[in-house]
Amino acid sequence: MALVEVVNVTKEFRKGEHTIRPLDEVCLQIERHDFVSLMGASGSGKSTLLNLIAGIDKPTSGTIIVNGTEITKLSRTKMAHWRAANIGYIFQTHNLIPVLTAYENVEMPLLLLPFSKAERRKRVMLALEAVGLLDRAEHYPRQLSGGQEQRVGIARAIVADPVLVVADEPTGDLDAQSTEQILELMQRLNQELGTTFLVVTHDPKTAAIARRRLRLEKGKLLDRDHHLHVREKARA
């Protein structure tokens, strides 16, 4: 069974008298240890799909199964507990708490889970080591560069050893050098630790590091690599 199974998912929003449908019977499977990028024009439904898979929102219709759990059937309370244990989220704007150190920011997701203080410390230090920031554990966000802040955000996303890490424009606010460092870090986490990634992006360079590249157009999901493969076969 695939890690993520999205089956005939539709999402609709009401805007006055009109119905907006950013997702129209979307189907998707993501395997364990995969790295998937999702591109599309602004308003194409990329973040909507990401939030549905992460359990932040629910579809109008259809089924989403993640790691064997049909999350579309979970109550709001059960969904919150499930999300804390299973999903890591990397934001575009870091979303670090300014009055907390890097260590404390990374520890935050673990406070919702049944870990002892010693286990939390072990996990936080391992996560900071994985992103190369052990020496910045006691620094506050204002004492870090933009790239370092995003690395803290990635450490926070992986600290609970989630089954899936979702990222919404993770390099959107970074300069070229920091972007390169973050892309190399995500690639390494995928290759060395087997972290499964689903990344929404506008940046072709970010999409290019994925093993599988998808695109949303008019509510429909296209496998970009499949279309590239078809064109290459046709030229041959």
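Scroll up a little and you will see the structure.
It should be emphasised that the depicted structure is a prediction, and the values quoted were computed from it without experimental measurement.

Scanning all chains against the criterion turns up ten salt bridges. The partner of Lys 73 in a salt bridge is Glu 70, and the shortest N-O contact between them spans 3.9 Å. In this structure, Glu 217 engages Arg 215 in a salt bridge whose closest nitrogen and oxygen atoms are separated by 3.2 Å. Among the ionic contacts, a cluster of salt bridges with common partners joins Glu 12, Arg 21, Asp 24 and Lys 220.

Before going further, it helps to examine a nonpolar patch on the surface. A grouping of Ile 97, Val 99, Met 108 and Leu 111 is seen on the molecular surface, where their side chains present a nonpolar patch of about 350 Å² in accessible area. Secondary-structure assignment places Val 99 in the loop between strand 6 (87–90) and helix 3 (102–107). A residue is classified by how much of its surface remains accessible, and Val 99, at 65% relative accessible area, is exposed.

Another aspect to go through is unusual backbone geometry. A positive phi angle, near 55 degrees, is found at Asn 67, a position not held by glycine. Turning to its location among the elements, Asn 67 is positioned in the loop between strand 4 (61–66) and strand 5 (69–70). Its identity as a non-glycine residue notwithstanding, Asp 161 has a phi of 55 degrees, on the positive side. Look at Asp 161 and you get exposed, because its relative accessible area is 60%.

What follows is about the sheet that holds strand 1 (residues 4–15). The four strands are arranged 2-1-4-5 in an open sheet whose pairing can be described as antiparallel. In this open sheet, the two edge strands, each paired with only one partner strand, are strand 2 (18–30) and strand 5. Across five bridges, strand 1 lies against strand 4 in antiparallel orientation. Its bridge partner being in strand 4, Val 6 is matched across the sheet by Ile 64. Most of the contacts of helix 1 (residues 46–53) go to strand 2, to which it runs at about 60 degrees, and overall it touches strand 1, strand 2 and strand 4.

Moving on, we get to helix 4 (residues 117–130). Taking 1.5 Å per residue as the helical rise, helix 4 with its 14 residues ought to reach 20 Å, and the 20 Å between its terminal C-alpha atoms agrees with that figure. Listed as buried for helix 4 are Arg 120, Val 124, Ala 127, Leu 128 and Ala 130. Here the buried residues of helix 4 occupy an arc of 155 degrees about the axis, which is enough to place them on one side. Away from its buried face by more than 90 degrees, helix 4 exposes Ala 118 and Lys 122. Contacts from the buried residues of helix 4 go to helix 3, helix 5 (146–158) and helix 6 (176–193). Remark: Gly 132 follows helix 4 within two positions and exhibits a positive phi of approximately 75 degrees.

It is worth spelling out the packing of aromatic side chains at this point. Inspection of the entire model under this criterion finds two aromatic pairs. A centroid spacing of 4.6 Å and a plane angle of 20 degrees characterise the contact between Tyr 89 and Phe 91, whose relative ring orientation is stacked.

If you add up the space inside the largest pocket, you get close to 510 Å³. As for the largest pocket, its lining consists of 19 residues, and the residues nearest its centre are Ala 84, Ile 87, Tyr 89, Pro 109 and Leu 112. A per-element tally of the lining of the largest pocket places helix 2 (residues 76–86) first, with four residues. Along its surface, the second largest pocket is lined by 18 residues, and Ile 158, Asp 161, Pro 162, Leu 193 and Thr 195 are the ones closest to its centre. Examining the composition of the lining of the second largest pocket, we find that five residues originate from one element, helix 4, more than from any other. Counted by class, the lining of the second largest pocket contains ten nonpolar, four polar and four charged residues.

Cut-offs used in this document
Residues numbered from 1 in each chain as written. Predicted model: local features only at pLDDT ≥ 70, side-chain atom pairs only at ≥ 80, totals over all residues. Heavy atoms only, no water. Salt bridge = Lys/Arg side-chain N within 4 Å of Asp/Glu carboxyl O. Patch = residues over 30% accessible without salt bridge, like charges linked within 9 Å, V, L, I, M, F, W, Y side chains within 5 Å. Areas by Shrake-Rupley, 256 points an atom, 1.4 Å probe, with all protein chains shown as cover. Helix = DSSP H or I, 4+ residues; strand = E, 2+ residues; numbered from the N terminus. Buried < 20%, exposed > 50% of the residue type's maximum accessible area, 1.4 Å probe, protein only. Pairing = 2+ DSSP bridges. Contact = heavy atoms within 4.5 Å. Axes fitted to C-alpha atoms, helices over the stretch in contact; angles between N-to-C directions. Expected span 1.5 Å × (residues − 1). Arc of directions from axis to C-beta. Phe/Tyr/Trp six-rings, centres within 6.5 Å; stacked < 30°, edge-to-face > 60°. 1 Å grid on protein atoms, 1.4 Å probe; cavity = no way out; pocket = protein on both sides within 12 Å on 5 of 7 lines; lining within 4 Å. Points joined across faces, edges and corners; volume = space filled by probe spheres on them. Nonpolar A, V, L, I, M, F, W, Y, C, P; charged D, E, K, R; others polar.

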